[in-house]
Amino acid sequence: LAWVDTTKVVDFVLVDFFFIYKILDVGGTVIFEDATEPGINLVMRFINSLPHCQIFDKYEELQLSKKYQIRGRIFEKIIGAITFKKIEIAERNWN
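Residues numbered from 1 in each chain as written. Predicted model: local features only at pLDDT ≥ 70, side-chain atom pairs only at ≥ 80, totals over all residues. Heavy atoms only, no water.

### Remarks on the layout of surface pockets
Logical step 1: Volume-wise, the largest pocket comes out at about 280 Å³.
Logical step 2: With five residues, helix 1 (residues 10–23) is the largest single contributor of residues to the lining of the largest pocket.
Logical step 3: Counted by class, the lining of the largest pocket contains eight nonpolar, one polar and three charged residues. (1 Å grid on protein atoms, 1.4 Å probe; cavity = no way out; pocket = protein on both sides within 12 Å on 5 of 7 lines; lining within 4 Å. Points joined across faces, edges and corners; volume = space filled by probe spheres on them. Helix = DSSP H or I, 4+ residues; strand = E, 2+ residues; numbered from the N terminus. Nonpolar A, V, L, I, M, F, W, Y, C, P; charged D, E, K, R; others polar.)

### Concerning the packing of aromatic side chains
Logical step 1: For the structure shown, the criterion picks out four aromatic pairs.
Logical step 2: The rings of F17, Y21, F32 and F84 are connected pair by pair, giving a single aromatic cluster.
Logical step 3: Across from the ring centre of Y21, 4.1 Å away, lies the NZ or CZ of K86, which sits over that ring. (Phe/Tyr/Trp six-rings, centres within 6.5 Å; stacked < 30°, edge-to-face > 60°. Lys NZ or Arg CZ within 6 Å of the ring centre and 35° of its normal.)

### Thoughts on helix 1
Logical step 1: With 14 residues, helix 1 extends 21 Å from end C-alpha to end C-alpha; this agrees with the ideal 20 Å at 1.5 Å per step.
Logical step 2: Within helix 1 the residues assigned to the buried category are V13, F17, I20 and Y21. Along the long axis of helix 1, the arc covered by the buried residues comes to 100°, so they all point the same way. Turned more than 90 degrees from where helix 1 packs its buried face, F19, K22 and I23 sit exposed.
Logical step 3: If you follow the buried residues of helix 1, they end up packed against strand 1 (2–4), strand 2 (29–32), helix 2 (38–48), strand 3 (53–56) and strand 4 (82–86). (Expected span 1.5 Å × (residues − 1). Buried < 20%, exposed > 50% of the residue type's maximum accessible area, 1.4 Å probe, protein only. Arc of directions from axis to C-beta. Contact = heavy atoms within 4.5 Å.)

### Examining the pattern of salt bridges
Logical step 1: Overall, the coordinates contain one salt bridge when judged by the stated rule.
Logical step 2: A salt bridge links K8 to D34, with the shortest nitrogen-to-oxygen separation between them at 2.9 Å. Highlighted residues: K8 in the loop between strand 1 and helix 1 and D34 in the loop between strand 2 and helix 2, separated in sequence by 26 residues. (Salt bridge = Lys/Arg side-chain N within 4 Å of Asp/Glu carboxyl O.)

### Points about the environment of T7
Logical step 1: Tracing the sequence through the fold places T7 in the loop between strand 1 and helix 1.
Logical step 2: Owing to a relative accessible area of 33%, T7 belongs among the partly exposed residues under this scheme.
Logical step 3: A C-alpha to C-alpha distance of 8.8 Å links T7 and G39, two positions 32 residues apart in sequence.
Logical step 4: Setting aside its immediate chain neighbours within four residues, T7 contacts F12, V13 and I40.
Logical step 5: From its side chain, T7 meets the backbone nitrogen of V9 in a polar contact 3.5 Å long. (Polar contact = N/O pair within 3.5 Å; in protein donor to acceptor, adjacent residues only side chain to side chain.)

Right, here's the structure in full:
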C-alpha cells in the first residue's frame, strides 16, 4: 500500500508513481490524494491508460491484507482521492 500526497506538479507526481510502481508487488495498491488537481489528474489519466494498472471507482472494492485493513468510510472523507491496483508486471520489449 502506498499513499501519495505530493506536490501538484505533473513531473514530480509521475516520478513518484514510477518509483512506487517499481517496488509495489502485484496486487499492491497506490492511493493518490488531491487527484482533482490538474497536474495530478493528468498523471491519473496516464496511469488509467496502462494495461497493468486498474483503477478502483469505489473504495469498498479494495481488498487489502489484514496488515492494511482500511475501512471504506475513511476514503469517503478524502475528497478527490483515486486508487490504483497493480494487476501485473509491466513487461516491455526494448528491441
